[in-house]
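Single-letter residue listing:
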Amino acid sequence: MEDIGRREFITSLAKTFLFSTFPVNAFCKTLGNVKIELPAYSFQKYVIPGKRKGKKILVIGGIHGNEPGAYKAAEILSRVKVERGELIIAPRTNVVSILADVRGYNGDMNRKFQYLSRKDPDYERVQEIKELIAETKPDLVLSLHDGFGFHSVNKRAWGQCIVIDEEVYKTFNLGKIAKTVAENVNRHIRRRKWKIPVYNTHTFSPSTKHPEQKKSLTYYCLSKQNVPAFCLETSKQLPSLRLKVLFHLMMLKEFFKIYGVEISPDFDVLEKEVDRFLTPAKFYSVKAEINGRIVEISSKKTFHLHRGSYFKVLSCHGTEGTNVICKDVNLNWRSFHIKRRVALTLKDDFRKIFDFRVVVV
Ligand SMILES: [Zn+2]
């Protein structure tokens, strides 16, 4: 139990209600409960036009929540300037799964691009991804992942490879592009296990061993939007997050070279700066409103609130991956009532920063 002591409890009560601008009676409709409101999971997207005209690349990260190499590499790219071409980045497409640090809190999002019920909790987000592709009409889509294992030593493993749906699809020579990227990247990789081969799932072939890939983002891009798309996979089993991000940047660099998209700072500089990008924020806090009173929370704390109160998280401060979740309820819920107590957690992506609690008295 992390409840505060009796004296603190009384102080907290006094602070909460004596200086509250909202009378408790105003909440008679929800009497018996405390309402908790958390910020919506936003769809992060960045459109970075270039100084000179050129090809347009869309980079998608975080479709799977427990793949930080993918979403951190995408986030790093969202901070660059574009010298030639255009860059569109959606670094954290599956925020709820990133904060839960699981592959798919609502099931596998990369199996939701063929058909999806409107009732699915991921429906809106999948639609937003589809609309982003339709609206921006990129020349190339790169979907970033940290897969399991190492494909060069285990052909059934998805980690550490470039996935293509076919060698050639319509006019897109996917195999040739992926092989060029793989060859150039592998020149810099000594360990055989860490080398990045091309993995062809032959998704369009009737005899494909991977019919499930017809539900994926890359298959959707090719078949419905007529855009070449690739999956860039590093391995979950690499010894550090830094290495996962580095391998993503190495692959991205080669794709960018082929498409003639130039960024500033360039990839060589980004690769040297990875550690700095991965350093947690110096200070994390939550700004909340309790019955009309604004409070700033920067460490573990318990709030004792009377029935009929509300506790609304207004904003979170830290990094772009910082948000509050409540593991005591369905993580898709961002507004709910509690009868007894609830623990809220401030997270920076997969990292837990601190807990704070709301107790109904
Ligand atoms: Zn993945």
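None of the values given here were measured: they were computed from a predicted structure. (Residues numbered from 1 in each chain as written. Predicted model: local features only at pLDDT ≥ 70, side-chain atom pairs only at ≥ 80, totals over all residues. Heavy atoms only, no water.)

Structural notes on the overall build of the protein
Along the backbone of the protein there are nine helices and 16 strands. In terms of overall dimensions, the protein has a C-alpha envelope of 70 × 40 × 40 Å along the principal axes. Per-residue burial over the protein gives 56% buried out of 361 residues. In the protein, the share of contacts with a sequence separation of at least 24, taken over all contacts with a separation of at least 6, comes to 73%. (Helix = DSSP H or I, 4+ residues; strand = E, 2+ residues; numbered from the N terminus. Buried < 20%, exposed > 50% of the residue type's maximum accessible area, 1.4 Å probe, protein only. Contact = heavy atoms within 4.5 Å.)

So, the sheet that holds strand β9 (residues 285–290)
Ordered in space as β10-β9-β12-β1-β14, the five strands form an open sheet in which the pairing is mixed. Both edges of this open sheet fall to β10 (293–297) and β14 (335–338), since each of them pairs with a single strand only. Strand-to-strand twist across the sheet, computed as the mean angle between neighbouring axes with direction ignored, equals 25 degrees. Pairing between strand β1 (residues 34–37) and β14: four bridges, direction antiparallel. Residue pairing in the sheet places Ile36 in a bridge with Phe336 of β14. (Pairing = 2+ DSSP bridges. Axes fitted to C-alpha atoms, helices over the stretch in contact; angles between N-to-C directions.)

Focus: the coordination of the zinc ion
Taken together, the protein donors to the zinc ion comprise His64 (ND1), Glu67 (OE), Glu67 (OE) and His145 (ND1), at separations of 2.1 to 2.3 Å. Around the zinc ion, the four donor atoms sit at angles spanning 57 to 151 degrees, and that spread fits a shape best called irregular. In terms of primary sequence, the donors binding the zinc ion are separated according to H-x2-E-x77-H. Taken together, the positions of Glu67 in the loop between β2 (46–60) and α2 (68–77) and His145 in strand β4 (residues 140–147) put the pair 78 residues apart, joining distant regions of the chain. A relative accessible area of 2% means that His145 is categorised as buried. (Donors = N, O, S within 2.8 Å, 3.2 Å for Na, K, Ca; no water. Tetrahedral: all angles 85-135°; square planar, octahedral: opposite > 155°, others 65-115°.)

Brief notes about the sheet that holds strand β15 (residues 341–348)
Read from one edge to the other, the open sheet built from four strands follows the order β11-β16-β15-β13, with strand pairing classed as mixed. Sheet topology places β11 (301–305) and β13 (322–325) at the edges, where each strand pairs with a single neighbour. With strand direction ignored, the average angle separating the axes of adjacent strands in the sheet is 20 degrees. Pairing geometry for β13 and β15, over four bridges, is antiparallel. Residue pairing in the sheet places Asn323 in a bridge with Lys347 of β15.

Thoughts on the packing of aromatic side chains
In this structure the tally under the stated criterion is 10 aromatic pairs. Where Phe230 meets Phe255, the ring centres are 4.9 Å apart and the plane angle is 55 degrees; that geometry is what we call tilted. Residue Phe230 is located in strand β7 (residues 229–235), and its partner Phe255 is located in helix α7 (residues 241–259); the two are separated by 25 residues in the primary sequence. In this structure, Phe230 and Phe255 share a single accessibility class: buried. Taken together, the aromatic side chains of Phe303, Phe311, Phe354 and Phe356 make up a single cluster linked through ring pairs. In this structure, Arg276 is placed above the aromatic ring of Phe277, and the distance from its NZ or CZ to the ring centre is 5.2 Å. (Phe/Tyr/Trp six-rings, centres within 6.5 Å; stacked < 30°, edge-to-face > 60°. Lys NZ or Arg CZ within 6 Å of the ring centre and 35° of its normal.)

Let's talk about the packing of helix α5 (residues 174–186) against α7
α7 packs onto α5 with a crossing angle of 130 degrees between their chain directions and a minimal axis gap of 9 Å. Comparing their axes, α7 and α5 come out oblique. Of the two elements, α5 crosses α7, and the hand of that crossing is right-handed. Contacts between α5 and α7 involve Ile177, Thr180, Val181, Asn184 and Val185 from the former and Met250, Met251, Glu254, Phe255, Ile258 and Tyr259 from the latter. Partitioned by chemical class, the residues of the contact of α5 with α7 number eight nonpolar, two polar and one charged. (Parallel < 35°, antiparallel > 145°, perpendicular 65-115°, else oblique. Left-handed = near helix turned anticlockwise from the far one by under 90°. Nonpolar A, V, L, I, M, F, W, Y, C, P; charged D, E, K, R; others polar.)

Quick look at the pattern of salt bridges
According to the stated counting rule, one finds 22 salt bridges in the structure shown. One salt bridge in this structure joins Lys51 and Glu83, with 3.2 Å as the shortest N-O distance. Placement of the pair is Lys51 in strand β2 and Glu83 in strand β3 (residues 81–90), with a sequence separation of 32 residues. With a closest N to O distance of 3.8 Å, Arg351 and Asp348 form a salt bridge. The exposure class of Arg351 is partly exposed, given its relative accessible area of 26%. In the salt-bridge network here, residues are joined through shared partners; they are Lys72, Glu75, Arg79, Arg92 and Asp349. (Salt bridge = Lys/Arg side-chain N within 4 Å of Asp/Glu carboxyl O.)

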